[in-house]
Amino acid sequence: MSGNMVRPDWDLDVLWRPLTQHASQQRPLVIVSGKGVRVVDSAGREYIDAMAGIWCVNVGYGEERIVRAAAEQMLRLPYTPLTRPSPPALRLAERLVGLLPAGLRHVQFLNSGSEAVEDALRVARQAQRQRHPRENRSKVIARYRGYHGWTLGALGATGQVGRKERVEPLLPGYVHISPPDTFRLFAGLSPSEATDRLLAELEQTIEFEGPSTIAAMIGEPIIGGGGVIVPPDDYWPRVRQLCDRYDILLIFDEVITGFGRTGTWFGGQNWGVTPDIMTMAKGLSSGYMPLAAMAASDAVFDAFKGQPADGVEYAQISTFGGHPVACAAGLENLRLLAELNLVDNAAQMGALFGAGLRALRDKFPLIGDVRGKGLMWGVELVLPGGLEPLPAAKVNQVLAELQKRGVLAGKNSSTVPRLENVLTFAPPLIVKSEEIDQIVGTLGEAVQAVQGQR
Ligand SMILES: Cc1ncc(COP(=O)(O)O)c(C=O)c1O
(Lines give C-alpha, C1' and ligand atoms only; values in the text may rest on other atoms or scores of the structure.)
Protein backbone atom coordinates (compact mmCIF):
# COMPACT_ATOMS: atom_id res chain seq x y z
CA MET A 1 0.00 0.00 0.00
CA SER A 2 1.43 3.39 -0.87
CA GLY A 3 1.78 6.59 1.12
CA ASN A 4 -0.93 8.29 -0.93
CA MET A 5 -3.47 7.06 1.69
CA VAL A 6 -2.85 10.39 3.43
CA ARG A 7 -2.87 12.76 0.45
CA PRO A 8 -2.72 16.46 1.42
CA ASP A 9 -6.28 16.91 0.12
CA TRP A 10 -7.70 14.02 2.12
CA ASP A 11 -10.79 15.05 4.10
CA LEU A 12 -9.79 14.26 7.68
CA ASP A 13 -13.41 14.39 8.86
CA VAL A 14 -14.83 11.56 6.75
CA LEU A 15 -13.52 8.81 9.01
CA TRP A 16 -14.76 9.93 12.44
CA ARG A 17 -11.96 8.67 14.67
CA PRO A 18 -12.39 7.75 18.35
CA LEU A 19 -10.67 9.73 21.13
CA THR A 20 -9.80 12.41 18.58
CA GLN A 21 -10.64 16.12 18.54
CA HIS A 22 -11.32 16.63 14.83
CA ALA A 23 -11.19 20.44 15.09
CA SER A 24 -7.43 20.15 15.52
CA GLN A 25 -7.19 18.63 12.02
CA GLN A 26 -4.25 16.57 13.22
CA ARG A 27 -3.22 13.97 10.68
CA PRO A 28 -3.52 10.41 11.97
CA LEU A 29 -0.71 7.91 11.89
CA VAL A 30 -1.86 5.48 9.19
CA ILE A 31 -0.55 1.98 9.85
CA VAL A 32 -0.26 -0.18 6.75
CA SER A 33 1.56 -3.36 7.79
CA GLY A 34 3.09 -5.23 10.70
CA LYS A 35 5.51 -8.06 11.40
CA GLY A 36 6.55 -9.39 14.80
CA VAL A 37 6.53 -6.53 17.31
CA ARG A 38 6.81 -3.86 14.61
CA VAL A 39 4.36 -1.89 12.49
CA VAL A 40 4.97 0.35 9.47
CA ASP A 41 3.19 3.62 8.67
CA SER A 42 2.09 4.93 5.29
CA ALA A 43 5.33 6.88 4.90
CA GLY A 44 7.34 3.69 5.39
CA ARG A 45 8.53 4.48 8.95
CA GLU A 46 8.86 1.53 11.30
CA TYR A 47 7.85 1.48 14.97
CA ILE A 48 8.00 -0.98 17.85
CA ASP A 49 4.35 -1.30 18.83
CA ALA A 50 4.88 -1.16 22.59
CA MET A 51 1.09 -1.29 23.14
CA ALA A 52 0.34 -4.31 20.89
CA GLY A 53 -2.40 -2.24 19.23
CA ILE A 54 -4.72 -1.70 22.20
CA TRP A 55 -3.19 -4.34 24.52
CA CYS A 56 -4.26 -7.09 22.14
CA VAL A 57 -1.79 -8.38 19.54
CA ASN A 58 -0.31 -10.89 21.99
CA VAL A 59 1.32 -13.21 19.42
CA GLY A 60 2.60 -10.28 17.35
CA TYR A 61 1.89 -9.32 13.76
CA GLY A 62 2.06 -11.48 10.64
CA GLU A 63 1.35 -14.95 12.06
CA GLU A 64 0.46 -16.83 8.90
CA ARG A 65 -0.92 -19.84 10.75
CA ILE A 66 -3.75 -17.75 12.16
CA VAL A 67 -4.45 -16.23 8.77
CA ARG A 68 -4.59 -19.65 7.12
CA ALA A 69 -6.86 -21.10 9.81
CA ALA A 70 -9.26 -18.19 9.35
CA ALA A 71 -9.18 -18.34 5.54
CA GLU A 72 -9.77 -22.11 5.49
CA GLN A 73 -12.73 -21.76 7.84
CA MET A 74 -14.18 -18.94 5.75
CA LEU A 75 -14.04 -21.15 2.67
CA ARG A 76 -15.52 -24.17 4.45
CA LEU A 77 -18.30 -22.38 6.32
CA PRO A 78 -18.32 -18.60 6.74
CA TYR A 79 -21.24 -18.47 9.16
CA THR A 80 -23.47 -20.44 11.48
CA PRO A 81 -25.06 -19.17 14.71
CA LEU A 82 -24.04 -20.56 18.10
CA THR A 83 -27.42 -22.29 18.40
CA ARG A 84 -26.05 -24.63 15.67
CA PRO A 85 -22.39 -24.28 16.56
CA SER A 86 -19.42 -24.77 14.27
CA PRO A 87 -16.58 -27.18 15.11
CA PRO A 88 -14.17 -24.27 15.82
CA ALA A 89 -16.60 -22.79 18.38
CA LEU A 90 -16.97 -26.17 20.10
CA ARG A 91 -13.23 -26.81 20.08
CA LEU A 92 -12.38 -23.32 21.27
CA ALA A 93 -14.81 -23.62 24.18
CA GLU A 94 -13.22 -26.92 25.16
CA ARG A 95 -9.70 -25.52 24.83
CA LEU A 96 -10.59 -22.45 26.87
CA VAL A 97 -12.10 -24.49 29.67
CA GLY A 98 -8.84 -26.45 29.75
CA LEU A 99 -6.88 -23.23 30.21
CA LEU A 100 -9.18 -21.37 32.60
CA PRO A 101 -8.76 -21.66 36.36
CA ALA A 102 -10.55 -24.79 37.61
CA GLY A 103 -14.21 -24.06 38.27
CA LEU A 104 -14.92 -21.94 35.19
CA ARG A 105 -16.47 -24.51 32.88
CA HIS A 106 -19.09 -22.78 30.75
CA VAL A 107 -18.23 -20.39 27.94
CA GLN A 108 -20.18 -18.06 25.68
CA PHE A 109 -18.60 -16.22 22.75
CA LEU A 110 -19.10 -12.58 21.78
CA ASN A 111 -17.42 -10.01 19.56
CA SER A 112 -15.82 -7.43 21.82
CA GLY A 113 -14.70 -6.87 25.37
CA SER A 114 -17.64 -4.55 25.97
CA GLU A 115 -20.08 -7.22 24.89
CA ALA A 116 -18.40 -9.77 27.12
CA VAL A 117 -18.91 -7.37 30.03
CA GLU A 118 -22.55 -6.76 29.06
CA ASP A 119 -22.99 -10.52 29.02
CA ALA A 120 -21.29 -11.01 32.38
CA LEU A 121 -23.48 -8.35 33.97
CA ARG A 122 -26.73 -9.80 32.63
CA VAL A 123 -25.68 -13.36 33.50
CA ALA A 124 -24.86 -12.21 37.05
CA ARG A 125 -28.18 -10.42 37.46
CA GLN A 126 -30.29 -13.24 36.06
CA ALA A 127 -28.35 -15.88 38.03
CA GLN A 128 -28.86 -13.94 41.26
CA ARG A 129 -32.55 -13.39 40.57
CA GLN A 130 -33.01 -17.11 39.99
CA ARG A 131 -30.89 -18.15 42.98
CA HIS A 132 -32.55 -15.64 45.32
CA PRO A 133 -36.09 -15.19 43.96
CA ARG A 134 -37.27 -13.32 47.05
CA GLU A 135 -34.51 -10.70 46.82
CA ASN A 136 -33.64 -8.01 44.29
CA ARG A 137 -29.93 -8.64 43.76
CA SER A 138 -29.31 -6.35 40.80
CA LYS A 139 -26.66 -3.80 41.83
CA VAL A 140 -23.07 -4.00 40.72
CA ILE A 141 -20.08 -2.80 42.72
CA ALA A 142 -17.21 -1.49 40.57
CA ARG A 143 -14.11 0.64 41.14
CA TYR A 144 -13.29 4.21 40.22
CA ARG A 145 -10.63 4.37 37.50
CA GLY A 146 -11.61 0.91 36.22
CA TYR A 147 -12.57 0.44 32.57
CA HIS A 148 -15.09 -2.10 31.35
CA GLY A 149 -16.12 -0.93 27.90
CA TRP A 150 -18.02 1.64 25.91
CA THR A 151 -21.50 0.08 25.63
CA LEU A 152 -23.95 1.61 28.07
CA GLY A 153 -24.06 -1.30 30.56
CA ALA A 154 -20.28 -1.71 30.59
CA LEU A 155 -19.81 2.05 30.72
CA GLY A 156 -21.93 2.15 33.86
CA ALA A 157 -19.42 -0.15 35.52
CA THR A 158 -16.54 1.97 34.25
CA GLY A 159 -15.21 4.41 36.83
CA GLN A 160 -13.84 7.12 34.55
CA VAL A 161 -15.68 10.42 34.43
CA GLY A 162 -14.00 11.35 31.14
CA ARG A 163 -15.74 8.49 29.35
CA LYS A 164 -19.11 9.00 31.01
CA GLU A 165 -20.10 12.52 31.92
CA ARG A 166 -21.22 13.67 28.47
CA VAL A 167 -23.57 10.72 27.98
CA GLU A 168 -24.95 10.33 31.49
CA PRO A 169 -27.29 9.33 33.00
CA LEU A 170 -26.42 5.68 32.51
CA LEU A 171 -28.27 2.69 33.93
CA PRO A 172 -28.98 2.88 37.66
CA GLY A 173 -27.56 0.35 40.09
CA TYR A 174 -23.80 0.79 39.86
CA VAL A 175 -21.90 1.65 43.02
CA HIS A 176 -18.26 2.70 42.76
CA ILE A 177 -15.57 2.30 45.40
CA SER A 178 -11.91 3.35 45.58
CA PRO A 179 -9.34 1.68 43.35
CA PRO A 180 -6.36 -0.08 44.97
CA ASP A 181 -4.09 2.83 44.06
CA THR A 182 -1.33 2.53 46.67
CA PHE A 183 0.80 5.25 45.05
CA ARG A 184 -1.77 8.01 45.12
CA LEU A 185 -4.33 7.10 47.79
CA PHE A 186 -2.31 5.24 50.39
CA ALA A 187 1.16 6.78 50.31
CA GLY A 188 2.93 5.97 53.57
CA LEU A 189 0.81 2.90 54.35
CA SER A 190 2.00 -0.66 53.96
CA PRO A 191 0.26 -2.67 51.22
CA SER A 192 -1.72 -4.68 53.77
CA GLU A 193 -2.79 -1.49 55.60
CA ALA A 194 -4.01 -0.20 52.23
CA THR A 195 -5.96 -3.43 51.76
CA ASP A 196 -7.47 -3.05 55.25
CA ARG A 197 -8.81 0.38 54.26
CA LEU A 198 -10.08 -0.82 50.88
CA LEU A 199 -11.80 -3.85 52.37
CA ALA A 200 -13.38 -1.72 55.08
CA GLU A 201 -14.78 0.56 52.37
CA LEU A 202 -16.07 -2.41 50.38
CA GLU A 203 -17.75 -3.99 53.39
CA GLN A 204 -19.29 -0.72 54.45
CA THR A 205 -20.61 -0.20 50.92
CA ILE A 206 -22.17 -3.66 50.95
CA GLU A 207 -23.80 -2.97 54.31
CA PHE A 208 -25.03 0.51 53.39
CA GLU A 209 -26.47 -0.63 50.04
CA GLY A 210 -27.89 -3.84 51.54
CA PRO A 211 -26.30 -7.19 50.65
CA SER A 212 -29.58 -8.53 49.29
CA THR A 213 -29.60 -5.78 46.63
CA ILE A 214 -26.16 -6.58 45.20
CA ALA A 215 -25.66 -9.05 42.34
CA ALA A 216 -21.95 -8.77 41.67
CA MET A 217 -18.67 -6.99 42.05
CA ILE A 218 -16.65 -6.42 38.87
CA GLY A 219 -12.96 -5.56 38.59
CA GLU A 220 -9.95 -5.88 36.36
CA PRO A 221 -7.35 -7.97 38.21
CA ILE A 222 -4.98 -5.12 37.31
CA ILE A 223 -6.73 -1.92 36.23
CA GLY A 224 -5.42 -1.32 32.70
CA GLY A 225 -6.61 1.68 30.71
CA GLY A 226 -7.27 3.54 33.97
CA GLY A 227 -3.52 3.73 34.60
CA VAL A 228 -2.15 0.21 35.27
CA ILE A 229 -3.09 -0.02 38.95
CA VAL A 230 -1.70 -3.18 40.59
CA PRO A 231 -3.42 -4.10 43.87
CA PRO A 232 -1.61 -5.21 47.03
CA ASP A 233 -1.07 -8.97 47.09
CA ASP A 234 -3.75 -9.65 49.70
CA TYR A 235 -6.40 -7.50 47.98
CA TRP A 236 -8.10 -9.99 45.64
CA PRO A 237 -7.96 -12.95 48.06
CA ARG A 238 -9.69 -10.81 50.68
CA VAL A 239 -12.22 -9.38 48.21
CA ARG A 240 -13.02 -12.96 47.15
CA GLN A 241 -13.68 -13.93 50.80
CA LEU A 242 -15.90 -10.94 51.38
CA CYS A 243 -17.92 -11.57 48.21
CA ASP A 244 -18.40 -15.19 49.31
CA ARG A 245 -19.56 -14.08 52.73
CA TYR A 246 -22.34 -11.97 51.19
CA ASP A 247 -23.02 -14.26 48.21
CA ILE A 248 -21.97 -11.54 45.80
CA LEU A 249 -20.70 -12.89 42.47
CA LEU A 250 -17.14 -11.85 41.64
CA ILE A 251 -16.59 -10.92 37.99
CA PHE A 252 -13.01 -10.61 36.76
CA ASP A 253 -12.73 -8.50 33.64
CA GLU A 254 -9.70 -10.17 32.08
CA VAL A 255 -10.08 -8.43 28.72
CA ILE A 256 -6.53 -7.05 29.02
CA THR A 257 -5.01 -9.34 31.63
CA GLY A 258 -6.00 -12.63 29.97
CA PHE A 259 -3.89 -14.82 27.72
CA GLY A 260 -0.47 -14.28 29.20
CA ARG A 261 -0.38 -10.52 29.41
CA THR A 262 0.67 -10.47 33.09
CA GLY A 263 2.98 -13.50 32.91
CA THR A 264 0.25 -15.99 33.89
CA TRP A 265 -2.53 -17.28 31.64
CA PHE A 266 -5.05 -15.13 33.51
CA GLY A 267 -4.41 -12.13 35.72
CA GLY A 268 -6.27 -13.43 38.77
CA GLN A 269 -3.84 -16.37 38.90
CA ASN A 270 -1.16 -13.97 40.15
CA TRP A 271 -3.02 -14.15 43.45
CA GLY A 272 -4.61 -17.60 43.12
CA VAL A 273 -8.10 -16.11 42.90
CA THR A 274 -10.83 -17.58 40.69
CA PRO A 275 -13.89 -15.45 39.95
CA ASP A 276 -17.44 -16.72 39.44
CA ILE A 277 -17.58 -15.09 36.02
CA MET A 278 -14.75 -13.98 33.73
CA THR A 279 -14.69 -11.78 30.63
CA MET A 280 -12.07 -12.13 27.90
CA ALA A 281 -11.31 -10.56 24.51
CA LYS A 282 -8.17 -8.95 23.01
CA GLY A 283 -5.50 -11.68 23.47
CA LEU A 284 -8.09 -14.42 22.85
CA SER A 285 -7.59 -13.85 19.12
CA SER A 286 -4.57 -11.51 19.41
CA GLY A 287 -6.76 -9.05 17.51
CA TYR A 288 -6.66 -11.07 14.26
CA MET A 289 -10.46 -11.29 14.39
CA PRO A 290 -13.04 -9.68 16.70
CA LEU A 291 -13.61 -12.31 19.40
CA ALA A 292 -14.58 -12.22 23.08
CA ALA A 293 -15.82 -14.66 25.69
CA MET A 294 -17.63 -14.88 29.01
CA ALA A 295 -16.94 -17.88 31.26
CA ALA A 296 -19.01 -18.91 34.27
CA SER A 297 -18.79 -21.35 37.17
CA ASP A 298 -21.05 -24.37 37.65
CA ALA A 299 -23.01 -22.52 40.33
CA VAL A 300 -23.79 -19.66 37.93
CA PHE A 301 -24.54 -21.99 34.99
CA ASP A 302 -26.76 -24.22 37.12
CA ALA A 303 -28.94 -21.24 38.04
CA PHE A 304 -30.11 -21.24 34.40
CA LYS A 305 -31.24 -24.88 34.43
CA GLY A 306 -34.91 -25.78 34.73
CA GLN A 307 -37.95 -26.97 32.81
CA PRO A 308 -38.75 -25.19 29.52
CA ALA A 309 -41.86 -23.71 31.13
CA ASP A 310 -39.75 -22.16 33.91
CA GLY A 311 -38.24 -19.69 31.43
CA VAL A 312 -34.93 -19.58 33.27
CA GLU A 313 -32.60 -20.23 30.31
CA TYR A 314 -30.24 -17.65 28.87
CA ALA A 315 -32.56 -15.77 26.54
CA GLN A 316 -30.15 -13.67 24.46
CA ILE A 317 -28.22 -14.16 21.25
CA SER A 318 -25.55 -12.22 19.38
CA THR A 319 -25.68 -12.85 15.62
CA PHE A 320 -21.93 -12.80 15.23
CA GLY A 321 -21.05 -14.13 18.70
CA GLY A 322 -18.82 -17.18 18.29
CA HIS A 323 -18.33 -16.48 14.58
CA PRO A 324 -16.71 -19.59 13.06
CA VAL A 325 -13.91 -17.63 11.40
CA ALA A 326 -13.09 -15.75 14.61
CA CYS A 327 -13.14 -19.00 16.61
CA ALA A 328 -10.83 -20.70 14.09
CA ALA A 329 -8.43 -17.76 14.41
CA GLY A 330 -8.73 -17.84 18.22
CA LEU A 331 -8.00 -21.54 18.36
CA GLU A 332 -4.83 -21.17 16.30
CA ASN A 333 -3.84 -18.16 18.40
CA LEU A 334 -4.13 -20.23 21.61
CA ARG A 335 -2.01 -22.97 20.03
CA LEU A 336 0.68 -20.42 19.20
CA LEU A 337 0.61 -18.88 22.68
CA ALA A 338 1.23 -22.36 24.12
CA GLU A 339 3.73 -23.66 21.53
CA LEU A 340 5.87 -20.54 21.66
CA ASN A 341 5.75 -20.45 25.49
CA LEU A 342 4.61 -16.87 25.32
CA VAL A 343 3.18 -16.80 28.84
CA ASP A 344 6.61 -17.67 30.22
CA ASN A 345 8.22 -15.20 27.87
CA ALA A 346 5.88 -12.50 29.17
CA ALA A 347 7.00 -13.29 32.73
CA GLN A 348 10.69 -13.29 31.82
CA MET A 349 10.64 -10.22 29.60
CA GLY A 350 8.37 -8.54 32.12
CA ALA A 351 11.00 -8.93 34.82
CA LEU A 352 13.55 -7.23 32.55
CA PHE A 353 11.08 -4.53 31.56
CA GLY A 354 10.19 -3.80 35.18
CA ALA A 355 13.87 -3.60 36.20
CA GLY A 356 14.60 -1.24 33.30
CA LEU A 357 11.65 1.02 34.13
CA ARG A 358 12.53 1.14 37.83
CA ALA A 359 16.06 2.19 36.93
CA LEU A 360 14.55 5.05 34.92
CA ARG A 361 12.35 5.99 37.89
CA ASP A 362 15.42 6.20 40.09
CA LYS A 363 17.09 8.47 37.55
CA PHE A 364 14.30 10.82 36.44
CA PRO A 365 12.33 12.90 38.95
CA LEU A 366 9.49 13.14 36.40
CA ILE A 367 8.79 9.43 36.89
CA GLY A 368 6.86 9.14 40.14
CA ASP A 369 5.85 5.50 39.98
CA VAL A 370 6.40 2.40 37.88
CA ARG A 371 4.05 -0.55 38.25
CA GLY A 372 2.96 -3.64 36.42
CA LYS A 373 3.25 -7.37 35.97
CA GLY A 374 4.43 -9.41 33.03
CA LEU A 375 4.17 -7.26 29.93
CA MET A 376 1.67 -4.75 31.30
CA TRP A 377 3.33 -1.61 32.70
CA GLY A 378 2.39 1.89 33.74
CA VAL A 379 4.80 4.79 34.20
CA GLU A 380 3.22 7.60 36.22
CA LEU A 381 4.65 11.03 35.40
CA VAL A 382 4.63 13.71 38.10
CA LEU A 383 6.06 17.09 38.90
CA PRO A 384 9.36 16.32 40.65
CA GLY A 385 9.20 15.45 44.30
CA GLY A 386 5.50 14.88 44.82
CA LEU A 387 2.23 13.43 43.64
CA GLU A 388 1.16 16.37 41.47
CA PRO A 389 0.54 14.89 38.01
CA LEU A 390 2.68 16.10 35.13
CA PRO A 391 0.43 18.37 33.00
CA ALA A 392 -1.19 16.64 30.01
CA ALA A 393 0.75 18.68 27.46
CA LYS A 394 4.04 17.40 28.86
CA VAL A 395 2.79 13.82 29.06
CA ASN A 396 1.77 14.08 25.40
CA GLN A 397 5.21 15.42 24.57
CA VAL A 398 6.84 12.34 26.10
CA LEU A 399 4.60 10.18 23.90
CA ALA A 400 5.50 12.28 20.85
CA GLU A 401 9.22 11.99 21.63
CA LEU A 402 8.81 8.22 21.89
CA GLN A 403 6.99 8.09 18.56
CA LYS A 404 9.62 10.29 16.91
CA ARG A 405 12.20 7.72 18.00
CA GLY A 406 10.20 4.74 16.72
CA VAL A 407 8.27 3.53 19.79
CA LEU A 408 4.46 3.61 20.05
CA ALA A 409 3.28 3.74 23.68
CA GLY A 410 -0.07 4.67 25.21
CA LYS A 411 -1.50 6.68 28.08
CA ASN A 412 -4.66 6.66 30.17
CA SER A 413 -6.48 9.26 28.09
CA SER A 414 -10.08 10.45 28.64
CA THR A 415 -10.26 8.82 32.06
CA VAL A 416 -10.10 11.10 35.09
CA PRO A 417 -9.07 14.53 33.79
CA ARG A 418 -6.27 15.46 36.22
CA LEU A 419 -4.92 11.91 36.36
CA GLU A 420 -4.18 11.26 32.69
CA ASN A 421 -0.50 11.11 33.47
CA VAL A 422 0.26 7.40 33.19
CA LEU A 423 2.16 6.11 30.17
CA THR A 424 1.19 2.55 29.32
CA PHE A 425 3.26 -0.23 27.80
CA ALA A 426 2.07 -3.68 26.68
CA PRO A 427 4.22 -5.03 23.85
CA PRO A 428 3.38 -8.29 22.04
CA LEU A 429 4.33 -11.29 24.18
CA ILE A 430 6.93 -12.38 21.60
CA VAL A 431 9.06 -9.37 22.51
CA LYS A 432 12.80 -10.06 22.93
CA SER A 433 15.27 -8.60 25.42
CA GLU A 434 16.89 -6.35 22.76
CA GLU A 435 13.47 -4.86 22.04
CA ILE A 436 12.76 -4.36 25.74
CA ASP A 437 16.11 -2.56 25.99
CA GLN A 438 15.17 -0.43 23.01
CA ILE A 439 11.81 0.54 24.53
CA VAL A 440 13.36 1.37 27.91
CA GLY A 441 16.29 3.25 26.33
CA THR A 442 13.96 5.26 24.12
CA LEU A 443 11.72 6.11 27.08
CA GLY A 444 14.80 7.42 28.90
CA GLU A 445 15.64 9.65 25.93
CA ALA A 446 12.04 10.85 25.62
CA VAL A 447 11.76 11.74 29.33
CA GLN A 448 15.16 13.42 29.20
CA ALA A 449 14.05 15.50 26.20
CA VAL A 450 10.95 16.74 28.04
CA GLN A 451 12.62 17.14 31.45
CA GLY A 452 15.41 19.16 29.84
CA GLN A 453 12.86 21.73 28.59
CA ARG A 454 11.68 22.86 32.00
C1 LIG B 1 -10.64 -4.27 30.93
C2 LIG B 1 -11.42 -3.97 29.69
N3 LIG B 1 -12.69 -4.37 29.60
C4 LIG B 1 -13.42 -4.16 28.51
C5 LIG B 1 -12.91 -3.49 27.43
C6 LIG B 1 -13.75 -3.23 26.23
O7 LIG B 1 -13.31 -4.00 25.15
P8 LIG B 1 -13.70 -3.60 23.66
O9 LIG B 1 -12.98 -2.35 23.32
O10 LIG B 1 -13.23 -4.80 22.86
O11 LIG B 1 -15.18 -3.45 23.61
C12 LIG B 1 -11.59 -3.04 27.47
C13 LIG B 1 -11.00 -2.33 26.32
O14 LIG B 1 -9.92 -1.82 26.33
C15 LIG B 1 -10.81 -3.28 28.63
O16 LIG B 1 -9.57 -2.84 28.74
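Cut-offs and rules
Residues numbered from 1 in each chain as written. Predicted model: local features only at pLDDT ≥ 70, side-chain atom pairs only at ≥ 80, totals over all residues. Heavy atoms only, no water. Helix = DSSP H or I, 4+ residues; strand = E, 2+ residues; numbered from the N terminus. Rg over C-alpha atoms; globule rule 2.2 N^0.38 Å. Buried < 20%, exposed > 50% of the residue type's maximum accessible area, 1.4 Å probe, protein only. Domains from an automatic or database assignment. Contact = heavy atoms within 4.5 Å. Buried area = accessible area lost by both parts, 1.4 Å probe. Salt bridge = Lys/Arg side-chain N within 4 Å of Asp/Glu carboxyl O. Polar contact = N/O pair within 3.5 Å; in protein donor to acceptor, adjacent residues only side chain to side chain. Nonpolar A, V, L, I, M, F, W, Y, C, P; charged D, E, K, R; others polar.

1. Side note on the overall build of the protein chain
Here is step 1: Each helix and strand in the protein chain was counted, giving 13 helices and 15 strands.
Here is step 2: Relative to the compact-globule value of 22 Å for 454 residues, the protein chain shows a C-alpha radius of gyration of 22 Å, a close match.
Here is step 3: Dimensions of the protein chain along its principal axes, counting C-alpha atoms only, are 70 × 60 × 45 Å.
Here is step 4: The burial tally for the protein chain puts 54% of its 454 residues in the buried class.

2. Remarks on the domain arrangement of the protein chain
Here is step 1: Taken domain by domain, the protein chain consists of domain 1 (3-59 + 341-451) and domain 2 (64-339).
Here is step 2: Residue-level contacts link 41 residues of domain 1 with 40 residues of domain 2.
Here is step 3: In total, about 3,200 Å² of surface goes out of reach between domain 1 and domain 2, with carbon and sulfur atoms giving 61% of it.
Here is step 4: Applying the counting criterion to the domain 1 and domain 2 interface returns 1 salt bridge.
Here is step 5: Between Arg-184 and Glu-380 there is a salt bridge, with the nearest N and O atoms lying 2.7 Å from each other.
Here is step 6: The tally of links between domain 1 and domain 2 comes to 21 residue pairs in polar contact (both at pLDDT 80 or more).
Here is step 7: The set of elements that each furnish at least two residues to the side of domain 1 that touches domain 2 consists of α1 (52-55), α11 (342-363), β11 (367-373), β12 (376-381) and β15 (422-425).
Here is step 8: The greatest single-element share of the side of domain 1 that touches domain 2, amounting to 5 residues, is contributed by β11.
Here is step 9: Considered class by class, the residues forming the side of domain 1 that touches domain 2 number 25 nonpolar, 12 polar and 4 charged.

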